[in-house]
Amino acid sequence: MLSSPRHGCKYPACHLRHGAGWPGLGRPPYDAPGSPNEGVLVKVSDAERNIEALLSEERVFEPPEDFRARAIVRDDSIYERADADHEAYWAEQAERLSWFSRWDTVMEWTPPWVKWFAGGTLNASYNCLDRHVEAGGGDKVAFHWEGEPGEERTITYADLLQEVCRFANGLRSIGVQKGDRVAIYLGMIPELPVAMLACARIGAAHSVVFGGFSAESLRDRINDADAKVLITADGGYRRGQVVPLKQNADESLTECPSIEHVVTVRRTGGDHPFTPGRDVWYHELVADQPAVCEPEHMEAEDLLYLLYTSGTTGKPKGIAHTTGGYLTQVAATHRLIFDIHDDDVYWCAADIGWVTGHSYIVYGPLANHTTGIIYEGAPDWPDKDRLWQIAEKYRATILYTAPTAIRAFMRWGTEYPAKHDLSSLRLLGSVGEPINPEAWIWYWKYIGGERCPVVDTWWQTETGAILITPLPGITALKPGSATLPFPGILADVLDEQGHSVGLGGGGYLVLKRPWPSIARTIWGDPDRYVQTYFGKFGTDTYVAGDGAKRDEDAYYWLLGRIDDVMNVAGHRLSTYEIESALVDNQKVAEAAVVSRPDDLVGEAIVAFVTLKSGFEGTEGAATELRDHVATKIGKIARPHGIIFTNDLPKTRSGKIMRRLLRDVARGRPLGDVTTLANAEVVEQIHTMVESGAGSGEE
Ligand code: PRX
């Protein structure tokens, strides 16, 4: 545990490790102008090519006493147990599930291939539903669902079990069998988790395609998975508009020979073509089905689902997750990281179309018999307080969302959360990108009322479950750091040559041994799996593709994708740290940093900056921001160009897409924009840069 001197800050939960002061919340200490370190780059890594860690964030938040007193994990012994014998520890976690037959071995590892709980059989849907109902917990609410237009549905565990059984029988009646793949293209409606669990029940692997994807993306994913059935809806609501899901699906299906049937949920009404023999309505399919359906006994290593992830370039990868290890780890991480108690109302505000929704809306929470919230629509519909209105209405106790959402809330202003009573919240979570310290503080202060720990959880589609994270009852938090590997996880930071960089150094984040929920392969392309994740440092070392540094307490700070690292005057700098320094300025809501070639320094830094409402992107503001970065992390990181924009290009899951901004900054033709959520933004930025508007150059 950290032991740090308190320094008398007015925020009781906060203390500095080194006793320095700063002018107020939102201004962590830095090397001030005139100080001996002004503008001096402190090189923390010894190998020339390592990523240099420049940002120094010194605030530390201990777990509040009342939180710790009630937490599931109250001391460090879990780390010791896991270190002493990680297989015994994971077996202990697996024992919390119901198995039809027990495993023979916990882990069989022939690098890079691994099997967990081989010989054991179980069913994910049984674990999420039946066992709770059998234990008398059928009346507990599984989901409070709220549609964007305002409808509500309260679904208990008993309701969910019946609906899943009916649909599972329905799927069997149209020919779906154990081992088949089923594509699901739905918005955030209850039928989405129902469809996933129905597939799991009968041993078919689901492949959920995010409802915001185009017909083309859907087609490619269906074909890659060779899916037999597609489950979709007539439409979905988003910002008051109808997203024409069935129409998109019909477009894809002209080129999807494997699809035998399409099941359509009626959500929005309205007409669309119906192909007799192929198309069937969901409500008609389930109408006469029995509400009982025997779950298949699945091997622990049987495929549970595929989930496609695009990465930044190239053909989407069908990430394959299996049953026993995946369910063990999502259940364990969900319970211990979110400190799940029986009375919690837990809200993961991600979309089920991403892995976050798979693991932390559906499988983890349901395996733990948790009450959850699902909201169908946009956070700013009909107004920018929609999430806070929902959190207040259902008395949410835990909220898990992404930095991109938090930065949007910051941009919109504090008046929206302030309109609502958020006092039921006791824990906050973040996932998806590095969270800039100022966004963390904002979240902690304005959403968490300065009383809720914020768990910054690092993981990936490929890892299946959270790997680096605080445990909120015991971990002292540092804004911007995902803190420590979850018990049982062996991580490290390596230099280019594969040596551990040691504390204080930056490099490649790696995992040194398998964990139960690791993806087992890329569907249909095992070579790509080996090459992508185990190609750099040998088959026993999983390379995450992210840069990271560890500080003097061995805390992990994620620095973004390795591909985004810049080389400025011979120094490898992470975009994250410069962006965090920009967001530290009170005018800035969001920033994306890229580089462009420069004769003098190799690569010159260009920052795209979105200001909070009420501030203007003047030449003076650009100079102020440049100076701010120089003061906060050193002159080397001072952006050469600042470009003010209203928005930044994002992937559909909300990650900033720096690759396109790099094209803009380098005056290159724009690359592939099809994976963007807001393609028009890049075009606007492009035009603006070409005309010289909105930018400040040094
Ligand atoms: O770069 C890391 C970032 O998101 C990547 C994984 O993205 P995806 O597969 O879409 O899964 C997102 C949900 C788990 C990582 O390689 N990332 C995710 N969480 C964090 C993060 N970066 C920093 N801090 C995090 N907490």
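Everything numeric here is computed off the predicted structure, so don't read it as measured data.

S.K.: For this particular structure, what's the right way to read the pairing of strand β33 (residues 641–644)?
M.R.: Every second residue of β33 is oriented toward a common face, with Gly641 and Ile643 on one face and Ile642 and Phe644 on the other, all of them buried. Sheet topology note: the strand β32 (residues 602–611)/β33 ladder contains four bridges and is parallel. What sits directly across from Ala607, in β33, is Ile642. Handedness of the β32-helix α18 (residues 619–633)-β33 crossover: right-handed.

S.K.: Please clarify how the sheet that holds strand β18 (residues 317–322) should be interpreted in this entry.
M.R.: Within a beta sheet, neighbouring strands are joined by backbone hydrogen bonds and run either parallel or antiparallel to one another. An order of β15-β14-β11-β9-β10-β17-β18-β26 is seen for the eight strands of this open sheet, with the pairing classed as mixed. Bordering the open sheet on either side are β15 (279–281) and β26 (521–522), each of which pairs with just one other strand. Bridge analysis of strand β9 (residues 181–185) against strand β10 (residues 205–208) gives four bridges, and the strand direction is parallel. Looking at β10, one finds that Ile184 is bridged to Val208. Sheet contacts for helix α8 (residues 245–253): β9, β11 (229–233), β14 (261–265) and β15; angle to β11, the most-contacted strand, approximately 150 degrees.

S.K.: What should I look at first to understand the domain arrangement of the protein in this one?
M.R.: A common way to express how large an interface is: the accessible area buried when the components associate. Under the domain assignment used here, the protein contains domain 1 (1–123 + 298–344 + 397–575) and domain 2 (585–698). Across the interface of domain 1 and domain 2, roughly 2700 Å² is buried in total on both sides, 57% from carbon and sulfur atoms. Linking domain 1 with domain 2 are four salt bridges. In this structure, the salt-bridge partner of Arg658 is Asp564, at a minimum N-O distance of 3.4 Å. If you list the elements that add at least two residues to the side of domain 1 that touches domain 2, you get α13 (403–412), β29 (566–568) and β30 (571–573). Per element, the largest residue contribution to the side of domain 1 that touches domain 2 is five residues, and it comes from α13. Residues of the side of domain 1 that touches domain 2, tallied by class, amount to 13 nonpolar, ten polar and seven charged.

S.K.: Looking at this structure, how should I read the site of the ligand?
M.R.: As a matter of local geometry, the ligand sits amid 16 residues, with Asp456, Thr457, Gln460, Thr461 and Asp546 nearest to it. Between Pro434 and the ligand, the recorded distance is 3.3 Å, taken from a backbone N or O atom to a nitrogen atom. One of the side-chain N or O atoms of Gln460 is found 2.9 Å from an oxygen atom in the ligand. Elements with a contribution of two residues or more to the shell around the ligand: α11 (355–367) and β28 (556–561). Of the residues in the shell around the ligand, the class split is six nonpolar, five polar and five charged.

S.K.: When you look at the packing of helix α7 (residues 215–225) against α8 in this model, what are you seeing that I'm missing?
M.R.: Packed helices, taken two at a time, are described by their axes: the angle between them and the distance between them. Between α7 and α8, whose axes approach to 8 Å, the crossing angle comes to 55 degrees. Taken as axis vectors, α7 and α8 run oblique relative to one another. Handedness of the α7/α8 crossing: right-handed. Listed contacts from α8 to Ala215, Leu218, Arg219 and Ile222 of α7 are Asn248, Ala249, Glu251, Ser252 and Leu253.

S.K.: Got a minute to help me understand the pattern of salt bridges in this structure?
M.R.: It is possible for side chains of opposite charge to pair when their charged atoms get near one another. What the rule picks out here adds up to 48 salt bridges. Between Lys246 and Asp250 there is a salt bridge, and its shortest N-O distance comes to 3.0 Å. In this pair, Lys246 and Asp250 both sit in helix α8, four residues apart, roughly one turn of the helix. Under the relative-accessibility criterion, Lys246 is labelled buried at 0%. Here Arg267 and Glu376 are joined by a salt bridge, their closest N and O atoms 2.8 Å apart. On the criterion of sequence distance, the pair formed by Arg267 in the loop between β14 and β15 and Glu376 in the loop between β20 (371–375) and α12 (386–394) is long-range, its members being 109 residues apart. Classification of Arg267 by relative accessible area gives buried; the value is 15%. The network of salt bridges with common partners includes Arg407, Arg411, Glu433, Glu590, Asp647 and Lys650.

S.K.: What is the right way to look at the packing of helix α10 (residues 324–337) against α11 in this model?
M.R.: Packing of α10 against α11 brings their axes to within 8 Å, and their N-to-C directions diverge by 85 degrees. Taken together, the axes of α10 and α11 are roughly perpendicular relative to one another. From α10, Tyr326, Leu327, Val330, Ala331, Thr333 and His334 reach across to α11, where they touch His358, Ser359, Tyr360, Tyr363, Gly364, Pro365 and Ala367. Split by residue class, the contact of α10 with α11 holds eight nonpolar, five polar and no charged.

S.K.: Explanation requested: the sheet that holds β20 in the structure shown.
M.R.: Strand order in the open sheet made by the seven strands is β8-β7-β20-β19-β21-β22-β23, with mixed pairing throughout. Every interior strand has two partners, whereas the edge strands, β8 (152–156) and β23 (454–456), have only one. When strand polarity is set aside, the average angle formed by the axes of neighbouring strands in this sheet is 20 degrees. By the bridge criterion, four bridges tie strand β21 (residues 398–401) to strand β22 (residues 427–430) in an arrangement that is parallel. Note that in β22 the partner of Tyr400 across the bridge is Gly429.

What counts as what
Residues numbered from 1 in each chain as written. Predicted model: local features only at pLDDT ≥ 70, side-chain atom pairs only at ≥ 80, totals over all residues. Heavy atoms only, no water. Buried < 20%, exposed > 50% of the residue type's maximum accessible area, 1.4 Å probe, protein only. Helix = DSSP H or I, 4+ residues; strand = E, 2+ residues; numbered from the N terminus. Pairing = 2+ DSSP bridges. Right-handed = clockwise from strand over helix to strand, strands pointing away. Contact = heavy atoms within 4.5 Å. Axes fitted to C-alpha atoms, helices over the stretch in contact; angles between N-to-C directions. Domains from an automatic or database assignment. Buried area = accessible area lost by both parts, 1.4 Å probe. Salt bridge = Lys/Arg side-chain N within 4 Å of Asp/Glu carboxyl O. Nonpolar A, V, L, I, M, F, W, Y, C, P; charged D, E, K, R; others polar. Near = heavy atom within 4 Å. Polar contact = N/O pair within 3.5 Å; in protein donor to acceptor, adjacent residues only side chain to side chain. Parallel < 35°, antiparallel > 145°, perpendicular 65-115°, else oblique. Left-handed = near helix turned anticlockwise from the far one by under 90°.

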